[in-house]
Amino acid sequence: MRHDPPPLAEWLLRRFLPLDRQNDVVRGDLLEEFRRRQSRAWYWREALSLLFRGHGYKNMLTLDSLLQDFRFACRSFAKAPSFTALVVLTLALGVGSSTAIFSIVNAVLLRPLPFPESDRLMWISEANSSGAVVSVSWPNFQDLRVRQRSFERIAVSRHSSFTMTGHGQARRVLGRTVTGSFFPTIGVQPALGRSITDADDAPGAEPVAILSHAFWRAQFGEDPGVLGKRLNLGDFQFTIVGVLPAGFRYLRDYDLFTSVGPFTRNPSLNDRGNHQGFVGVGRLRPGVTERAAADELQQIARQLAQEHPATNSGLNTVMSPLQSRLVNEERTTLLVLFGAVGILLLMACVNVANLLIARGASRQHELAVRAALGGRRTRLLMQLLVESTTLAAAGGAIGILLAAGMLRLLLGVAPAETPRLDEVSLDRAALFFAVTAAVVCGIVFGLFPAAQASRASGQPLVIRTRTAGASAQSHRLRRGLLVAEVALALILLAGAGLMVRTLLGLTSLDTGFRPDHLLTMRVELPRGFDDDAKRAAAAGELVARVRELPGVTAAAAGYSMPIDGSSWNSVFAARDKPIPASRDRIPVAAMIPVSPAYFDTLGMRVVRGRVFTAADRAASPPVAVVNETLARTLWPGDDPIGKSLKQGWPERPGTWREVVGVIGDVKFEGLTETTPLQVYMPLAQEPPRDLTILAKTAVPPGSMRASIESAIAGVSPEMTVSAVRTMDEVLSASIARQRMALLVLGVFAAIALVLAVTGLYGLVSHGVTERAHEIGVRMALGAERRDVVALVLRGGLSMTTAGVILGVAGAALLSRGLDGLVFGVDPLDPATFAAVVTGLVTVALAACYLPARRATRIPPAAALRAD
Amino acid sequence: MTSPPYLGEFEQQVLLVVVRLKDAAFGPEIGRELEARAGRRVSRGALYTTFDRLEDKGLLRWHTVPGTEARDGLPRRLYAVTPVGLASLRAARDVVRRLWAGLDARLNDPGRG
């Protein structure tokens, strides 16, 4: 029987011995000997000794000299601790910050979704003629499903939240309602029990649910007997038929997935004009391109528009890879941060190169001696490379530690809704990135100085003049690198400056309401509040109970609140306006039922007419309050008071409401979005099941949380309270992306500034030392102090100016990348650029002035003697 | 004419084994033969370094021949002593002979009589 040597040892040999005939002989000898001895230990010992000590035929990789260089490098670093610390820290900063950002970018943007062949998964939805995504209507999905040929399967699903009762206290659970094709499409099987199937889509089918692993553990203690049990979720009882594998996650963490069957009977779901939140996911057939699939979907959309013009004209089907759709919003932020961190890493490298060149220049003598004693150029070069790689390794190691810390900080400030944030960790890919970054820094940027310094011949040993040719050359290189550093610093400063302006703008923005001392929360009414009267009464009682609490000065309820936006966006018609010929011209407004005190509690401005009062009851004449944007859009130059409008399609029956007031615009869908058309109506006339409770407090709003929650529980213990936040927190969360960008860019820009300025100081200062003789001569010949200062400053300023010009050009080129992130300020804002340039030049001047002043203090006689 | 290069003891042993093995003078065989005849166990590293040194001195040469199945067909080196190497060996032997001459009786080695 033939024995094979340990595969790993074999691989190492193949990998690290140069592949040539000589080494084939060595490996052959080893193999032959191994088969005779049959000792794996022997083979390992021989292989390792071959690799590390190079005992073999000539020209083998020998690590002996490398080891020697390494020991020498360590000794020389110990002799220059401040230089070493500076280089290592600079590298650590560069590597650490870039690795931290890379970890996030990798987890959120780059790593494939955790589904089999996830690159074939496509997100599918419908969009109206203005391009706004409106979700897929159920009948359209049925047609799409049978007509399409590009996908193996398509499925739709929607976010649903349920109130779960019957298992301890009522609680809100997050669910996703899915069609039977959903799990087969994404390619996931339950770990326990069965999947949801096509049969579960039928209107009469028994409602079934699959639990997430986490929910199964938390709620049922991982009891395998859970299958077949019933869950009371709102209006239906769902039978548990399966449990998903641990770690499974679709878009976000869900407690459970339910079948769509219980809802398909609903007439409003079967209305083709209703888009009720379903979004599609499809798995492309192998070999079908995205382009072809998108074309086919559009073709089907056109067919449907012809067949059902009333509901489908102007409607299009849109598609994009699931992964890119998922991270759409964060892409810009992350790419900007990644770009910024790339710039920082580059600066760290440039700085290190600069330091190494300076050191190389001052070591010319040592290198010259070695060259004179017969050191070959390649050997010297190797020595210098080993030094820079050692520095890089140390910098990389500290950088990785730094990255771990930074990552924790970044995750703390990252917008909470960033998808896949929980997948972020310092994983293998991040470590690989860190090591690569460090090694590339060490080798590429160690190479310049090494090439520079190794040109040393024996000559400088003999003639040690101050202006050796090599030194002048290294100066030119250093000056060039410094210009690059100033330019890069300016780019980061400009980015940070723009984010400062953005954030200042956002925080001082007129939101149209008063956010201070406001506590907000969502309350879901449980089963039993099925008819309008009961819901209206419950809402009234909730508001009254909260209002009575000591510390609360005002309380209100509404379907939604500013900044958060509303999920009830509907077409509407105005009685005095003609019905637009095209469906997609029909106006859409956010519909918001509110209690009478809503506007007052939020501190909103009444522009005309009146707001709601307790007299606006279910039975009283239907009324509405519109926002300024709606009034201006629909009735420009006309008084909206007394006009009538109706929610829903114009040809359908509905309640005409008389407009009784106009209310000031508020920032409704976040600070950066334009205000939509809004129609407010009395809660008593349109009571929803989900409520937002607002409480204005005289005390810090957070402190009222517990008493308000218990007041709500006092109305009904089955009411579930969620998303308890102060309005300040809501505002703050809405600008979390910008804040994170500012924080990161700000920190990076500060580091960049320090790097550039210390680099400038070092270079100018070094120049003064080298030119002490010349300056002495000049002063002896009658140069004034200010001439000397001007001489030195000129040198520093010329570099700064060149850097600023390059930097402004670079920042202008890159500023478009900030488009999605800046708000209320032009990415090319002259004021920001001027401020940044002024700041940078001022700091640079100060950095040059210190050495300049020192230059004027050189006594001419001393300078001349120094020769 | 210059005298052939001086040989160290181990170098001499290696060259002698190569001469002895003739058409079977491959690396592993040389190691084994040294162990068997000279009773010294040599590390592979030391042996190969010596091959390199002898080659540098022009005392040893080699050519590669196709490998056997025992080494997965990887090629092997067949060593041979160069004429200079043979001259060195002869010179070394002559030195030893001259040094030994007339000492047999005094060293009283029964084996050599």
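First, a word on scope: everything that follows refers to the structure included in this document. Because the structure is predicted, anything quoted here is derived from the model rather than measured. (Residues numbered from 1 in each chain as written. Chains lettered and ligands numbered in written order. Predicted model: local features only at pLDDT ≥ 70, side-chain atom pairs only at ≥ 80, totals over all residues. Heavy atoms only, no water.)

## Structural notes on the pattern of salt bridges
We count it as follows: Put simply, a salt bridge is a Lys or Arg side-chain nitrogen that is within 4 Å of an Asp or Glu carboxyl oxygen. Only runs of H or I of at least four residues qualify as helices and only runs of E of at least two qualify as strands under DSSP, and these elements are numbered from the N terminus. Partly exposed residues are those whose accessible area sits between 20% and 50% of the maximum for their type, while under 20% is buried and over 50% is exposed, using a 1.4 Å probe and protein chains only.
Per the stated rule, a full pass over the model turns up 45 salt bridges over all chains. The salt bridge involving D29(A) is made with R71(B); its shortest N-O contact spans 2.7 Å. In this pair, D29(A) sits in helix 2 (residues 21-37) while R71(B) sits in the loop between strand 1 (60-65) and strand 2 (76-81), so the two residues belong to two different chains. The burial state of D29(A) is the same as that of R71(B); both residues are buried. Sharing partners across several salt bridges, the network here consists of E33(A), R36(A), R37(A), E29(B) and R32(B).

## Some thoughts on the interface of chain A and chain B
Here is the rule we go by: Every residue pair with non-hydrogen atoms within 4.5 Å of one another is taken to be in contact. Between N or O atoms, a polar contact is any pair within 3.5 Å; within protein, one atom must be a potential hydrogen donor and the other a potential acceptor, and residues adjacent in sequence are included only when both atoms are from side chains.
Contact with chain A, which involves 23 residues of that partner, is made by 22 residues of chain B. The interface formed by chain A and chain B contains four salt bridges. For R35(A), the salt bridge identified is with D72(B), shortest N-O distance 2.9 Å. The tally of links from chain A across to chain B stands at seven residue pairs in polar contact (both at pLDDT 80 or more). Listing elements by their share of the side of chain A that touches chain B, those giving two or more residues are helix 2 and helix 3 (40-53) of chain A.

## Thoughts on the nonpolar core
Residues and elements named next belong to chain A. The criterion, for reference: We call a set of buried Ala, Val, Leu, Ile, Met, Phe, Trp, Tyr and Cys residues a nonpolar core when their side-chain atoms join them within 4.5 Å.
Grouped together as the largest cluster of nonpolar side chains are 75 residues, with contacts concentrated most on F182, F183, I186, F248, Y250, F257 and L492. Among the elements that make up this core, the one with the highest residue count is helix 18 (residues 469-507) (eleven residues). With sequence-adjacent residues up to four places away left out, F183 is seen in contact with V178, V188, S195, I196, I210, L244, F248 and F257. Core analysis: the second largest hydrophobic core is formed by 35 residues, V136, F141, I154 and L211 among them.

## What about a nonpolar patch on the surface?
All names here are of chain A. The line we're drawing: In this analysis, a patch consists of residues with relative accessible area above 30% that form no salt bridge, clustered at 9 Å for like charges and at 5 Å for the nonpolar side chains Val, Leu, Ile, Met, Phe, Trp and Tyr. Each accessible area is a Shrake-Rupley estimate made with a 1.4 Å probe; only the visible protein chains count as cover when residues are assessed.
Together, V435, V439, V440, I443 and V444 make up an exposed nonpolar region whose accessible area comes to about 350 Å². Checked against the element boundaries, V444 lands in helix 16 (residues 428-454). Judged by relative accessible area, V444 falls into the partly exposed class, the value being 39%.

## Here we look at the pairing of strand 14 (residues 588-594) of chain A
All names here are of chain A. The condition that has to hold: Note on pairing: two strands pair once DSSP finds at least 2 bridges between them.
Along strand 14, six of the seven residues are buried, which leaves the element largely enclosed by surrounding structure. In the sheet, strand 13 (residues 569-574) pairs with strand 14 via three bridges, with the strands oriented antiparallel. Its bridge partner being in strand 14, V571 is matched across the sheet by V588.

## Describing the packing of aromatic side chains
Residue and element names in this part refer to chain A. Stated precisely, the cut-off is as follows: Paired rings are identified among Phe, Tyr and Trp, the last through its six-membered ring, by centres lying within 6.5 Å, and are further divided according to the angle between planes into stacked (under 30 degrees), edge-to-face (over 60) and tilted (the rest).
Applying the stated criterion to the full structure yields 26 aromatic pairs over all chains. An angle of 40 degrees between the planes, with centres 5.7 Å apart, marks the rings of W138 and F141 as tilted. Here F141 and W138 lie together in helix 6 (residues 138-147), a separation of three residues that amounts to about one turn. Assessed through its relative accessible area of 5%, W138 is described here as buried. Ring plane angle 25 degrees and centroid distance 6.1 Å describe the contact between F182 and F257, whose orientation is recorded as stacked. Note that F182 is positioned in helix 7 (residues 182-186) and F257 in strand 8 (residues 256-259), a separation of 75 residues in sequence. The residues F182 and F257 share a single accessibility class, namely buried.

## Some remarks on the pairing of strand 7 (residues 236-243) of chain A
Residues and elements named next belong to chain A. Of all eight residues in strand 7, six are buried, a share of seventy percent or more. For strand 4 (residues 192-193) and strand 7, the ladder comprises two bridges, and the chain directions are antiparallel. The residue bridging G193 from the neighbouring strand is G242, located in strand 7. Taken together, the four bridges between strand 5 (residues 208-211) and strand 7 define a ladder with parallel strand orientation. Bridge pairing in strand 7 places I210 opposite G242. As judged from the four bridges shared by strand 6 (residues 230-233) and strand 7, these two strands associate in the antiparallel manner. For L233, the partnering residue across the bridge sits in strand 7 and is F236.

Remember that the coordinates give geometry; whether it matters functionally is a separate question.
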